Structures are given as C-alpha cells and as structure tokens.
Amino acid sequence: MDPEKKPSPERGASEMDVAKVHGALLREKQEPCDGMAPIPLWLMTAILALAFWSGGYLFFYSGGFRGDVFNESQIAWGYAPTAPGKAKDPLAIGKRVYVANCASCHQVTGLGQPGTYPPLADSDYVNGPSSRLAAIVLNGITGPIKVHGVVYNNNMPAWKGLLKDDQIAAVLTYIRQEWGNKAGAVAPEGIAAKRAAWATRSTPLTEPEILAIPPEELPGTSSAAPSSDGTPPGKAATAAPVTPSR
Amino acid sequence: MNRGLTLFVGILATFTLAWAGLVLIPYLQFGRVTDYVSEETGQTLPPPMSGLAQRGHEVYAAEGCVYCHSQQVRGESQGSDLARGWGVRRTVARDYIGERPHFLGTMRTGPDLSNIGRRQSSVEWHHKHLYRPQSVSPGSVMPPFRFLYSLRKIVGEPSADALKLDGLDAPPPGWEVVPTPDAKALVAYLLSLDRSYPLPEAPTE
Amino acid sequence: MTSPSSSSSPKGPKAALADALDRAAIDASCRLPVLLFFGSAIAWLLVGSVFALLAAIKLTTPEFLADHAWLTFGRVRPAHLNAVAYGWSSTAAIGVAIWLMARLCRVPLRHARILVAAAVLWNLGVAIGVTAILAGASNAIEWLEFPTYAAFILFVSYAFIAVWAVLMFRERRPGHVYVSQWYIFGAFFWFPWLYSVVNSMLVFWPVQGSVQAIINWWFGHNVLGLWFTPIALASTYYMIPKILGKPIHSYYLSILGFWSLALFYSWNGGHHLLGGPIPAWLQSASIVASVMMLIPVITTAINFHMTMRGSFALLRTSPALRFTVFGAMCYTVVSAQGSSMALRSLNKLTHFTHYTIGHAHLGMYAFFTMTMFGAMYYITPRLVRWEWPSAFLIKAHFWLASTGILLMVVSLTLGGLIQGIELENPKVPFLTIVAHTIPWLHARSWSGALLTTGHLAFALSFVLILLRTGKQREGPTLFTKERSFP
C-alpha cells in the first residue's frame, strides 16, 4: 500500500552499469501486480451451493461422529436405520463360507485352476455321495486325485479345526447346488456324525482312502436339489449317483 | 494482505484446525482402543503376533510388499472385497492395533492379504509362490524372491526344510533349495494374517 | 488498495534502468544457492527417471533383474518416489521459491551461506535415504520411507531454509505483498511442521493401528497440497503476469483462492482410505473437503485464464510461458479429477487401481513438474547471464514431456478403469484382471521412455547454459523466430 520507493540517487545508473546488465533483465516486464476485477456472482452462488451440499453430506454420512462406526450409512445423528434381516438361508451362508475359505483355490466360478486345483462344478465328488465329500472337507486331501480324467497333485488342508458343523453343512449345500450342480442339501447333524467318526484322524486323506469310504448319504441329506425350473428341494426326483464314474 | 502477522496467524490457524481434526481427534477417539477378549471363546482379539511373525512383518516392510498388496477389507457398499472372498467382514481399527508400521496399502496389483493365512494356509504353497510366483499362479506379475532362498549342496541327509520344487525350478541333482530365516519369517507372518474373528463393532454373521 | 511494484514504463528510462540494476543485483546474489538447488534437482530427476523405468518394466516382466535384492520392485518403486519427491520436486521447488522470494521482497538475497549449507545437507539426506530404501531399511510408510537418520538430516536442512525465509521476509522492502509470496510463505511454514509432526508420530514414536494410516495420508496429501502445489502456484502467479506484462486479473480471486486452499486442502488426506478401517465421519469429512477443493481450483483457474485472455498466441513463442500454462491447465484438470475420485461411488472403482497412479502423475508431473520446468527456463538465463544455447533442445524437451505424460495418464486411466470395473465383479478371476492391465502397463513403460529422453534433453540444455556454450544471443531463445518477443 505504501507508495513505491523512488530509486535513490546513489543507485542511479551510469553507462558503465548498463553493460553489466544482462539483456534478459533489460527487456523484462514490470514485477507482477494485481488487477481489481470483482468475484463473479455465479462463483459466489456455486460456493454457497457447495457449502449446502457439504452440510447435507456430513449430516447423512457422518456415522454420528463415533469412533466405532465404520459404515457411513449406519447412523445419521442418532437415527439408526434398522439392520436388514440376517440371511438364514443356508445357500447364502454357504456362499459366504465358500468365498472366504475355498474360492482362493477353487475360484468363485467353481472351475478351479487348470493343472493345479480341481473344479467343483460338475464334479462327481461334489455331486456324489455326501459321506465322501464331507470326509474330504473335514480331513483334507494329499497326493494325486483324478477329476474329469485329469490328475491333480496338490494338498487341501483339513477344515475340521476351522469351520463349525453348520458352516460345513452350508458350504457343502452351496457347492452341491451352485454352477449347475444339482445334489441334495447337507444337514449339520450329518456333519456332526462324520466329525465324530473321523475324530482321531489327523492326516489328510489320499484318493484310495476316499474311494474306500462307503458311498452313502449322510443323515438329514435331502435326496435332490431344486431343478433348474425353480422347484423347491425334495420335489425333483433325480437320484444322486452312487459311484463316481472316473 | 500486506501484514506478515495476519498471514502468519492465518497460515497457523488453518493448519492447526486440520491437525486437530485429522490427527488429534482420531488419536483420542480410536488411537487407544485395546484388544478385546471374546466372551464366547475367551480368545484375545486380535490375537497377538508370534515373534517369528513379527520378524516376518519386518521382511514384508523391507521388500515393499505393501506397494502391491493391500490389507484392508472394505464393507459391502465399497467394492466387491467381501464377494471376492478376501474376508468375511470389513476390517476395523481394532484389527491393526499390533502393527507398526501399518500395511493398509493403496494398490492392488496383487490381491488383498488381510486374510491370506486363512485363504491359503499351506506353508509349502507360500514358499513355492515366493520362490517363483508363476509356478503356482500362472500369469502373475509378482517378482520372484529367490534371493530369500539359498541353493546348496546336499551333505548327508537332505534338509527337512528343502522346497519340493519340480519342472523349471528343480535344483540340479545333489542340490537343494532351502529358505533363509527371512523367508521362513515372512511365511510365518503371512500365515498369521487372519482377520476373520468377530469383533463387537464388526460381527461376522 | 494496492500500489503495484511497477518498474519500467511510467517512470522513464532512467528509473527503468535503475530497476534493472536492482534486479541484476538480486539475481547475482541468488546465483550460487539457486543454481545449486536447480543442478541437484535435475540430477535427482535423472536418477528418479531410471528407477521409474526399472519399476515400470518390472511390472510387466517380473523376471527382469529379479535376482538382486536391491533391485526388487518393492524397493525400486519407493526409491523412485523418494528420488523424485524429495530429490527432484522439493529441491526444484526450494530453488524456485528462493528466487521468487528475493525478487518479490525486492532485496538482494542475504545469508546465502545458510542456503548453501541447506542444499548440501538436503542432498546428503536424500542420498542416504534412497540408499537405505534400496538396502532394505525402508520404513514402508508411503511418502515417509526414509529411515530416522535420513529424515532427521532433511529436517535440519529444512529448518535452515525456513529460518532463512523468515529473515528474508522481514528484510523485504516495504510495500505490497504479492500473492506468490503468500503461497511461498505458507509452504515454508507448513512443510517443516508437517514433516516433523508426522515423522514423530509415525517413525520416532509410532502411534497404534489405523491412526497411523490416517496420519500417513494426512501427510501424503498435504505434501502435495501444502508444499508442492503452493510453490507451483506461486511460480504460476509470478510467471504469467510477468511474461505478459499485465496485472493478474483479480486480487479478490487471489485471496479467495489462497485461503480456501489453506482451509480445505489440509483436510483431504482421509480420502485415500475410503471404505477402510477408519471411522465413517473421518472419511466423510475428507470427501467434503475434497469436493470443496473445487472452490480454490475454479477461482485460480478463472484468475489465470482471464489474465491470459488475449495473449494465448504467446504460447507459440515463449518456452517458460508454454510450460507454465501447460502446468496451470493440468492443475485445473487434476484437481477436478481428484474431487470426483473422492466421491464414494467413483472411488469404489478407482481405489487400489492404476487410475490413481495416473492421477498422481497428472498432478506431480503434468502440473507441478511442468510448472517447475517453466520457472527454470525463465530463471536460469538471468542467473547465468547467458541465453539458452539451443531452441531445438527446449522444443524436444517440451514435446517429449507433454506427449509422454499424456500417454502415461491416458493409459493408466483407461487401464485403471478396466481394472476397477473388473475388480467390482467378483466373477472375474484376479489373474484375468492382471492380464488385462498388461497392455496398458506396456504403454506406460513407453511413456516413461519418452519422459526420460525429455529429461536428458533438459539436463543437456542445463549443462550447456552453465558452460555458456554457443554464440552470445541478442534476444531470448524462443520456439518460433517469426514473432518478435520482448
């Protein structure tokens, strides 16, 4: 705001000084200064609109400003929308268990990984007798196993220490009815019985051992799956195959 | 604005406001949460990390795993992390109280590892994967960590730790590939990554 | 309201000459420290480019140089980030800021020894830090990888610079304080506070759990918003009116832009953790602040655009102006993109993908680095008292840099969108997504090669002007000859 200082006489220029000044400095424009154009009205309006939006956003998505609320839509200032009813559907639970524990090898598509992990879709082990399938999941597998004529040589861990009966039953039901599979639902009591029967087994099973298990359905297993036209379980009359055709 | 003081006070005030909002209040609000003892199982959650896993945490930092792998599972409204099976619930502040530094990550060149110990629990798989990722994940762009393994001549009995490698990776006859202590620690850390336990603020069902 | 620090026309040739002599004295006093910062910045730019190329190739060819622990991807990538952020960007920013400060305070630079000591320490700190990362001693906290000893050296060096800035500002010739000075003043305070607070809470005495993450990203975003951005804006606010010889469009817009930036940019950090393990309110607060960033960005864009109006033809001639205006335009684009990426609905697609990497390069390269190039093209001839020896090299640099960064941002943005959309669909296996990103990553490697070639041209230009090669030119080195340019 102060008036610009006048150049003092001692800094006055002489012809000698001129030679020392670089050309770029002589042709330079003045140091930058400010114009005084006003702030446009539309910008002010836009700022007000943004401020209004911000207030609304914070109101609705602040989670009540609590340190233990992580879902933005959970609480808006003391108003808690009721949580949606929890899925009791075994297929939904089974899907959750499957993606969390099985999908890293067998993939969400149920197709496995070629050459490494066998597919579950259209697999005779999955659609076949639930006694064998339950034994595999409870104890794990080691060594070669043939699925659809392809030999896979890998390890599957035992799940009996990690998953509960109802979780195993749900995931077996899920894999037996997903990707076009159409075998019966497995019940938790069947898994409980199998778990008791295999209680002392601490190493994974091998293919011959699995095939030596009597091919039977576990107690509580429904005989068939819903058919593709949407008939509920038990109405369709497809019998589960008894021996895996290898 | 020609007064240095006005400028200084404004610069200080805006900065302090943001510091209070984004650092101080979060620290007071959730920077001191403690672990939780489950009423159902009596377990301490999150489970404390073993010494070997702690060492593996340091290897994870040194090799920069965090630049390609996140360790956070977002809720259902943000992305498909749950549907992909990277976790059974979103992760919350309490899951990370034992970690210094944090490995939340910002990039998924590779998959999320929040629950990798649960999703892939085989020690052998992890060693094979670190030695040459493409041997178990064809098409992966993860670099090999062969420098965490040593190739050595078998003297007397073969080592119990030796990797069971075949095909391209098999060592010459009479030689074996064994993990260094760093590799073992890293695998122990990876296997310890399991954030599928329920917490009061993040139930699993 | 203000009396502009005008110098040339109104007071006659004698006063104009006196002002030119004043400027000559100021430039002479800046010569050693500023050239030291510029030279080391360019050296780090080359180092950073090499790490960038290595990292880019490794992402498509994992077996490339894979058997050396020092060159594994997880070490080369942070080495790249730190070499360009602290080696190139910060060093260039300090150099430009020193010169702007001296010019705008209208006094020759004093205490130059403090700055020379700071420059030496800074380079030492960065060299130790980058070596430590390659040796596996990284903290593995993004933007803060330097171990304690390197971070401490940087902090001491920066304390020197901040003390110098305060001394300099106090000794300024009384008069109007121009908008560039506000930004520089702010940056010189914000950065050391930020760096020391965050280092002490994350590295020296780390806090627990995901609070580390929020502090980490509060720093990660503030380093852009309160350090690189203000210096680049200060440079733009200086260069555009200076080269055009016009006043900046509106003082009021300058004020609005500065204070809204100070108020909102510092709250943006949480948007790096959307959906993550931090409370919902923190995420929402950062989203709101990110959207509010539209205010300073639109304001600044209007101010620059209205000043440039009627003078766009000069972009064909002046290298400094062309680089600066390219940067300013990219500032508008990258900031608007950043505000949109903070929205939850878009963030769920772009988070964790190459889209974000594209955004980061649009900000740090197309905006910040191009602005710094522009400033260096303007400042260096005044310090060396020699014109740029080769217009061809400048031209090559501009076209390699601008097409290179365009190719990089387009390929990472498209590749990242595809990646994000496929990640949203749990039916697409992860390795399929990886395969789909590879062609885009190849394009990115090529863009890196273009940029690196451009940097070589720039470095060569810089060495040639330091050596004062070629004939002494009468006028400035320009892109086109036909137009007379004052």
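Rules behind the numbers
- Residues numbered from 1 in each chain as written.
- Chains lettered and ligands numbered in written order.
- Predicted model: local features only at pLDDT ≥ 70, side-chain atom pairs only at ≥ 80, totals over all residues.
- Heavy atoms only, no water.
- Helix = DSSP H or I, 4+ residues; strand = E, 2+ residues; numbered from the N terminus.
- Rg over C-alpha atoms; globule rule 2.2 N^0.38 Å.
- Buried < 20%, exposed > 50% of the residue type's maximum accessible area, 1.4 Å probe, protein only.
- Contact = heavy atoms within 4.5 Å.
- Lys, Arg positive; Asp, Glu negative; His and termini not counted.
- Charge placed at Lys NZ, Arg CZ, Asp CG, Glu CD.
- Axes fitted to C-alpha atoms, helices over the stretch in contact; angles between N-to-C directions.
- Parallel < 35°, antiparallel > 145°, perpendicular 65-115°, else oblique.
- Left-handed = near helix turned anticlockwise from the far one by under 90°.
- Nonpolar A, V, L, I, M, F, W, Y, C, P; charged D, E, K, R; others polar.
- Phe/Tyr/Trp six-rings, centres within 6.5 Å; stacked < 30°, edge-to-face > 60°.
- Buried area = accessible area lost by both parts, 1.4 Å probe.
- Salt bridge = Lys/Arg side-chain N within 4 Å of Asp/Glu carboxyl O.
- pLDDT = per-residue confidence, 0-100.
- Core = buried A, V, L, I, M, F, W, Y, C linked by side-chain atoms within 4.5 Å.
- Pairing = 2+ DSSP bridges.

Trainee: An account of the overall build of chain C is requested, with residue identities and associated values reported.
Mentor: In terms of regular secondary structure, chain C is built from 14 helices and zero strands. Mapped in sequence order, the helices and strands of chain C form the string α-α-α-α-α-α-α-α-α-α-α-α-α-α. Here chain C has a C-alpha radius of gyration of 22 Å; the compact-globule value for 486 residues is 23 Å, and the two agree. Each of the three principal axes of chain C carries a C-alpha extent, and together these read 75 × 45 × 45 Å. Across the 486 residues that make up chain C, the buried fraction comes to 69%. Within chain C, contacts between residues separated by at least 24 positions form 83% of all contacts whose residues are at least 6 apart in sequence. Positive and negative side-chain charges of chain C, numbering 31 and 13 respectively, have mean locations separated by a distance of 10 Å.

Trainee: Explain the packing of helix α7 (residues 130-139) of chain A against helix α8 (residues 165-177) of chain A to me, and be specific about the residues and the numbers.
Mentor: All names here are of chain A. Relative orientation of the contacting elements α7 and α8 amounts to 120°, with a least axis distance of 11 Å. Relative to α8, the element α7 lies oblique. Pair α7 / α8 crosses with right-handed handedness. On the side of α7, the interface is formed by S130, L133, A134, V137 and L138, while α8 contributes I168, L172, I175 and R176. Residue classes in the contact of α7 with α8 are distributed as seven nonpolar, one polar and one charged.

Trainee: For the packing of α7 of chain A against helix α9 (residues 188-197) of chain A, give the residues involved together with the corresponding values.
Mentor: All names here are of chain A. At a closest axis distance of 10 Å, the pairing of α7 and α9 adopts a crossing angle of 60°. Taken together, the axis directions place α7 and α9 in an arrangement best described as oblique. You can see that α7 and α9 cross each other, and the crossing is right-handed. On α9, the residues touching S131, A134 and L138 of α7 are I191, K194 and R195.

Trainee: How would you explain unusual backbone geometry if you had to name every residue and give the values?
Mentor: Omega for the peptide link from L45 of chain B to P46 of chain B comes to -5°, which places this bond in the cis form. Inspection of the secondary structure assignment puts P46 of chain B in the loop between β2 (44-45) and α2 (51-62). Backbone torsion omega between R100 of chain B and P101 of chain B reads -5°, so that peptide bond is classified as cis. Structurally, P101 of chain B can be placed in the loop between α2 and α3 (116-119). The backbone of A140 of chain C shows a phi angle near 60°, a positive value even though the residue is not glycine.

Trainee: Account for the packing of aromatic side chains, naming residues and giving values.
Mentor: Residues and elements named next belong to chain C. The full count for this structure, using the stated rule, is 54 aromatic pairs over all chains. When the ring of F204 is compared with that of W205, the centres are 5.9 Å apart and the planes differ by 40°; the resulting orientation is tilted. F204 gets classed as partly exposed once you look at its relative accessible area, which sits at 36%. Members of the aromatic cluster, each reached through a chain of ring pairs, are Y86, W122, F146, Y158, F188, F191, Y195, F219, W227, F228 and F368.

Trainee: If you had to explain the interface of chain C and chain B to someone new, which residues and values would you point to?
Mentor: Listed by partner, the interface residues are 91 residues for chain C and 75 residues for chain B. When chain C packs against chain B, close to 7000 Å² is buried across both sides, 66% of that on carbon and sulfur atoms. For the pair chain C and chain B, the interface holds three salt bridges. Across the pair R75 of chain C and E63 of chain B runs a salt bridge whose closest N-O atoms are separated by 2.8 Å.

Trainee: How would you summarise the confidence of the model for chain C if you had to cite specific residues and measurements?
Mentor: For chain C, per-residue confidence averages 92 on the pLDDT scale, and 97% of positions sit at 70 or higher. Confidence drops under pLDDT 50 across residues 482-486 of chain C; counting only partners more than four residues distant or on other chains, this segment forms twelve contacts.

Trainee: Any details on the nonpolar core? Residues and values, ideally.
Mentor: Across soluble globular proteins, you tend to see nonpolar side chains buried next to one another. Ranked by internal contacts, the top residues of the largest apolar core, which has 189 residues, are Y86, W88, W99, F188, F219 and W227 of chain C. Among the elements that take part in this core, helix α6 (residues 211-244) of chain C stands out by supplying 21 residues, more than any other. Not counting residues up to four positions away in its chain, the partners in contact with W99 of chain C are D27, C30, V34, Y238, M239, Y378, I379, R382 and L383 of chain C. Core analysis: the second largest hydrophobic core is formed by 35 residues, L120, L138, A169 and I191 of chain A among them.

Trainee: Report on the pairing of strand β2 (residues 150-156) of chain A, specifying residues and quantitative values.
Mentor: Strand residues, when the strand is regular, have side chains that alternate between the two faces of the sheet. Residue and element names in this part refer to chain A. Both strand β1 (residues 141-147) and β2 contribute to a ladder of seven bridges, which runs antiparallel. Within the sheet, the bridge partner assigned to K146 lies in β2 and is V151. Where β1 hands over to β2, the hairpin turn is made up of two residues, of which H148 adopts a positive phi near 55°.

Trainee: Outline the pattern of salt bridges, supporting the account with residue identities and numerical values.
Mentor: Counting across every chain of the model gives 31 salt bridges over all chains. Between E28 of chain A and R103 of chain C there is a salt bridge whose closest N-O contact spans 2.7 Å. Placement of the pair is E28 of chain A in the loop between α2 (23-26) and α3 (41-61) and R103 of chain C in helix α2 (residues 73-105), with the two residues belonging to separate chains. Of the two residues, E28 of chain A and R103 of chain C, both sit in the buried class. Among the ionic pairs, D81 of chain B bridges to R108 of chain B, the shortest N-O distance being 3.0 Å. Taken as a pair, D81 of chain B in the loop between α2 and α3 and R108 of chain B in the loop between α2 and α3 lie far apart in primary sequence, 27 residues in all. Residue classification places D81 of chain B among the buried positions, given a relative accessible area of 1%. Sharing partners across several salt bridges, the network here consists of E28 and E31 of chain A together with R23, D27, R103, K242 and R382 of chain C.

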